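Chain residues, written in single-letter form:
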Amino acid sequence: MSERLLEVEDLSVEFATEGGVIRAVEEVSFGIDRGATLGIVGESGCGKSVTSLALMGLLPRPAGRVVGGSVRFDGAELIGLDESRLRKLRGSEISMVFQEPLTALNPVYTIGRQIAEVARRHLGLSRSRARERAIEMLARVGIPLPDRRIDEYPHELSGGMRQRAMIAMALVCRPKLLIADEPTTALDVTTQAQVLEQIVTLQREFGTAVILITHDLGVVAETCRDALVMYCGEIVERAATEHLFNTPRHRYTQRLLEAMPRIRSRPLTSLPVIPGSVPEPDRLPSGCRFAPRCAHSGSRCELERPRLQRLEDSDVACFYPANVEADGAAT
Amino acid sequence: MEYLVFVIRKLAGGIPLVLGVTLISFTLMVYFGPDQTYELLSKNPTAEEIAQVRSELGYDQPFWIRYSDYLVDLVTLDFGYSNATGERVAGILARTVPISMALLAPGFVLGNVLGIALGLLAAWHRGGWVDKAIMGFAVVGMSISFLVVIIAFQVLFGVVLDWFPVRGWNVHDLSSYLYYVTVPTLASVFVALGYNTRFFRAVLVEEMTRDHVRTARAFGAAPAVILWRGVLMNAMIPIITRIMFSIPLIVISGSLLIETYFGIPGVGKVTFDAITSGDQPVLKAVVGLTAIGFVLILITNDILYKWVDPRISLTRESAA
Amino acid sequence: MSLPEIDLGAGADARLEPADRLRRRSPWSRAAGRFSTDRAAVTGLVVVTVFFVVALGVWLGWWGGNWAETGGGQWQSPSAENWLGTTILGQDIFARAVYSTRTAFEIGLVVAISSTLLGGLFGAISGYFAHSPVDAAILWLKGVLDSIPFYLFVAAVAFALDGQPFAMHIAMIATFWTTTARLVRGEVIKLKRLEFVEAARSVGLATPRIIARHIVPNTFHILLVQATIVFVAAIKSEVILSFLGLGVQDGVSWGLMIAESTTEVIAGRYWNFIAASSFMFVLVMGFNLFADGLQDALDPKRAGR
């Protein structure tokens with residue numbers, strides 16, 4: 001049994017829209033080991049959610065399609081796998097947690113029913129055993145009085161508890177991989193911290209690999225061993241989180257880190273922002289997609305698309321990456 | 001227990017409605033309605049005879065007295081006698097209402113069941129040719145007047161094909177029932193199906209695009225499970241509302257036209273005759289019963305809501 | 001982990017996209033764009049326009065004025081003079097069908113516009129003051145009108161107004177506004193809870209202004225769609241009402257033509273029936289396609305795209 005749980009290679013996804021076909025994800029490659037944690041960071045619209053949906057074969061039909069690449073999960077190829085086999089994996093081997101738990105849960109069934117149903121479906125448990133298991137999971141995710149809560153409806157729980165219930169549902173079958181798509185974005189900061197902690201704890205207890213998708217670098221810093229940064233459907237940098245934060249290579253990553261609000265030694269005169277705005281998906285620049293907004297781009301950047309290349313401890317797709325050894329000055 | 005309180009509350013709340021309906025109907029039909037004084041008199045009435053008849057008919061009473069008399073009659077189910085035939089109105093109703101129900105029930109049930117089934121089919125394959133075909137038929141069905149359908153069916157089945165009867169209602173057993181009810185049922189299903197299918201399809205598509213359906217898929221639910229628990233159960237409220245509120249429409253308006261045209265002695269035909277001849281006792285009875293029936297439907301509707309959607313509270317109407 | 005301080009390089013701004021080059025399209029123009037690619041919808045619009053021109057022409061006296069002339073000979077089959085034959089009184093069926101187009105539009109437009117305005121108004125008020133006595137009163141009125149069977153109501157109104165030609169219109173308007181009001185009420189209740197209303201209130205805007213300027217415009221798509229639906233409903237209802245003798249009293253309409261034909265078809269005289277039902281079918285179908293296209297354009301999710 002190899003260490004590598006998931007290997008994504010050159011995955012590309014297209015969407016058919018009113019204005020034509022757009023490429024939401026462009027030849028994305030990454031992987032995750034068993035029990036490891038990976039954060040996918042990027043702004044809204046960069047393709048991080050689409051990537052995760054594509055992994056599970058959940059792209060909205062008929063608009064979205066995978067048009068290239070492979071996704072190997074535990075040795076088996078997922079792209080092109082027929083729906084009935086994929087269904088067996090979803091919820092049992094790979095689970096997903098979504099951003100807005102109120103709408104993500106079925107409003108007319110109790111949370112107990114919904115969790116138990118997943119357990120019955122994939123583990124073949126009887127009704128009573130499944131219910132017990134659901135109560136157990138609710139306790140594991142930190143919901144007090146789980147035997148009472150289990151018969152409540154989603155709208156009767158608070159946002160944080162709903163999200164915990166979703167996590168319970170996702171982990172009830174002890175999947176090998178959990179994909180959490182912005183799990184805490186809709187929650188307030190205190191609850192955010194609690195839910196994240198819960199995810200990390202359970203991840204360690206169950207040995208589940210976790211892909212955490214977020215726009216918040218702080219979340220990644222706290223929870224993920226590795227991270228990758230996406231921009232306009234491409235991966236621009238891939239590294240262990242430590243290296244990403246200490247020695248960011250891609251100019252976009254640099255900017256993102258700069259823009260993170262934090263306490264500084266000297267007060268700022270203006271807030272650091274990344275100039276310009278994210279290009280529309282149907283009007284992407286040729287060459288490097290970040291080049292129009294980059295202070296360090298050269299002529300090569302407009303003509304050629306940079307590929308991910310190893311640079312010491314990181315993979316970066318940039319022709320003029322940051323080389324921060326030369327005493328803090330960017331070349 | 002909670003349900004009982006709820007029902008009583010709703011019934012009580014329905015009283016203003018019944019009052020409202022009866023008031024408006026009474027005002028329009030009875031008060032402003034045709035003056036039947038002269039119908040009951042002979043050729044050259046004397047002033048006394050006129051006065052006598054008017055007093056008999058209650059025309060000399062003030063409005064509110066006549067109205068409250070009417071309400072009393074209604075509550076005690078004393079509908080008096082038909083002006084046209086002299087028969088007891090209650091008897092007329094007892095005779096004709098079951099016929100109308102028997103006539104309309106198959107069409108109603110079939111129209112809705114088929115509508116939901118087709119709507120589901122279309123919604124599931126939305127954007128595909130199945131969807132387009134179903135919707136195409138639906139639009140055509142919606143664009144043809146009920147009357148046109150009835151006339152066409154009459155010609156088709158009665159004259160050209162001669163398979164089914166198109167007049168009368170000589171029903172004494174199951175086979176004769178099926179025999180006579182087929183053409184009216186076909187006609188009403190034909191007309192209703194277009195509207196129903198479109199409505200149900202819209203509701204179902206709306207539910208299909210909800211987040212929790214995606215969640216269900218993400219946890220490996222099979223399409224059948226998703227359709228049932230994710231889509232249909234959530235779509236129940238609008239579906240139930242629609243079905244319940246279509247009852248008054250079907251029962252009165254549908255029966256009116258079919259019965260009049262096919263010569264079936266149901267409550268619709270009787271009502272129609274009453275309108276054209278100004279037969280007030282019959283009209284009063286029909287309107288009053290319709291109002292009460294509507295209130296009952298509203299209550300049933302609310303109860304069904306609660307049964308189906310746990311977010312609705314029985315004890316208070318919450319705005320959140 | 002400490003984060004490096006980065007110096008903003010010079011020259012970054014030169015290659016940026018100026019904001020005004022970004023495409024901006026309002027929801028209405030996007031909807032118009034979607035509508036124009038929908039062939040069925042455009043066909044519907046064309047059909048409706050053609051019929052409208054016909055109706056306009058009748059109204060202006062260009063054609064159809066001879067619908068009452070009885071010179072043609074009884075029950076003639078279609079010929080060069082009478083394109084669709086003649087009626088029992090020798091009237092030209094084609095002319096009658098054409099004239100009826102005007103009748104149909106008249107009824108349709110009057111009822112659709114009035115009931116939509118009325119429904120929108122009551123719905124907005126009812127929704128904004130949801131669960132208050134005002135709302136309860138309007139809901140009561142709606143319930144009452146909804147529970148009176150349509151044809152009985154029309155009959156009653158016809159009697160009460162003693163043969164006034166607009167009795168039918170009034171009865172229709174009084175019945176059809178309720179659906180619009182219910183839909184608008186639902187939408188307003190939803191809108192009310194949205195943050196922008198809270199924002200408007202917190203800035204101190206007065207209630208009528210909030211309703212008029214912020215909430216009602218967001219219901220326009222409902223009003224537009226409802227108007228088209230009511231138009232169709234009015235035309236179709238007229239057919240049945242005329243059959244029952246409660247509809248158009250003077251002039252001619254498709255309903256009257258069909259009503260006339262009910263006895264004729266058994267005898268094999270189909271032309272009256274075919275003419276009226278065909279004309280009506282084409283217009284209603286066209287309108288339905290148009291209405292569909294409208295709804296799809298305004299709310300693409302509806303078509304499941």
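Residues numbered from 1 in each chain as written. Chains lettered and ligands numbered in written order. Predicted model: local features only at pLDDT ≥ 70, side-chain atom pairs only at ≥ 80, totals over all residues.

**Things to note about helix H4 (residues 111–123) of chain A**
Residue and element names in this part refer to chain A.
Alright, step 1. With 13 residues, H4 ought to run about 18 Å at 1.5 Å a step, and its terminal C-alpha atoms sit 18 Å apart, in line with that.
Alright, step 2. Across the 13 residues of H4, 10 count as buried, placing the element largely inside the fold.
Alright, step 3. Along H4, the residues that are buried comprise Ile111, Gly112, Gln114, Ile115, Ala116, Glu117, Val118, Ala119, Arg121 and His122.
Alright, step 4. Contacts made by the buried residues of H4 are with helix H5 (127–140) and helix H7 (159–171).
Alright, step 5. Positive phi shows up at glycine 124, right after H4, with a value of about 65°. (Helix = DSSP H or I, 4+ residues; strand = E, 2+ residues; numbered from the N terminus. Expected span 1.5 Å × (residues − 1). Buried ≥ 20, exposed ≤ 12 C-beta atoms within 10 Å, placed from the backbone. Contact = placed C-beta atoms within 7 Å.)

**A look at the interface of chain B and chain C**
Alright, step 1. At the interface, 43 residues of chain B touch 39 residues of chain C.
Alright, step 2. Elements that contribute at least two residues to the side of chain B that touches chain C include exactly helix H1 (2–31), helix H5 (129–142), helix H6 (146–160), helix H7 (174–208), helix H9 (223–262), helix H10 (267–277) and helix H11 (280–308) of chain B.
Alright, step 3. Among the elements that make up the side of chain B that touches chain C, the one with the highest residue count is H1(B) (8 residues).
Alright, step 4. Taken together, the residues that form the side of chain B that touches chain C break down as 30 nonpolar, 11 polar and 2 charged. (Nonpolar A, V, L, I, M, F, W, Y, C, P; charged D, E, K, R; others polar.)

**Remarks on the sheet that holds strand E3 (residues 37–41) of chain A**
Residue and element names in this part refer to chain A.
Alright, step 1. Pairing is mixed across the open sheet formed by 8 strands, whose spatial order is E6-E7-E8-E3-E9-E10-E12-E11. A strand with exactly one partner marks an edge of an open sheet, and here the two such strands are strand E6 (94–97) and strand E11 (309–311). For this sheet, the mean inter-axis angle between neighbouring strands, taken without regard to orientation, is 20°.
Alright, step 2. Note: E6 against strand E7 (residues 177–181), 4 bridges, orientation parallel. Pairing of isoleucine 94 across the sheet is with leucine 177, part of E7. (Pairing = 2+ DSSP bridges. Axes fitted to C-alpha atoms, helices over the stretch in contact; angles between N-to-C directions.)

**A closer look at the sheet that holds strand E1 (residues 4–17) of chain A**
All names here are of chain A.
Alright, step 1. Here 4 strands make up an open sheet; going across it, the order is E2-E1-E4-E5 and the pairing antiparallel. Looking along the sheet, the strands with just one partner apiece sit at the ends: strand E2 (20–33) and strand E5 (76–77).
Alright, step 2. Where E1 meets strand E4 (residues 64–73), 8 bridges bridge the pair, whose relative direction is antiparallel. Its bridge partner lying in E4, glutamate 9 is registered against serine 70.
Alright, step 3. This element, helix H1 (residues 48–56), spans E1, E2 and E4 of the sheet and lies at about 75° to E2.

**Digging into unusual backbone geometry**
Residues and elements named next belong to chain A.
Alright, step 1. Not every positive phi belongs to a glycine, and cysteine 232 is a case in point at roughly 50°.
Alright, step 2. Locating cysteine 232 in the fold gives a position in the loop between strand E9 (226–231) and strand E10 (234–240).
Alright, step 3. C-beta crowding within 10 Å serves as the criterion here: with 24 such atoms nearby, cysteine 232 is assigned to the buried category.
Alright, step 4. In this structure, glutamate 312 takes a positive phi of about 55° despite not being glycine.
Alright, step 5. Structurally, glutamate 312 is set in the loop between E11 and strand E12 (314–316).

**So, the pairing of E7(A)**
Residue and element names in this part refer to chain A.
Alright, step 1. Counting buried positions over the 5 residues of E7 gives 5, a clear majority of the element.
Alright, step 2. Residues Leu177, Ile179 and Asp181 line one face of E7 and the alternating positions Leu178 and Ala180 line the opposite face, and both faces are buried.
Alright, step 3. Summarising the sheet, E7 and strand E8 (residues 209–214) pair through 5 bridges and their orientation is parallel. The residue bridging leucine 177 from the neighbouring strand is alanine 209, located in E8.
Alright, step 4. The parallel pair E7 and E8, bridged by helix H8 (residues 189–206), forms a crossover whose chirality is right-handed. (Right-handed = clockwise from strand over helix to strand, strands pointing away.)

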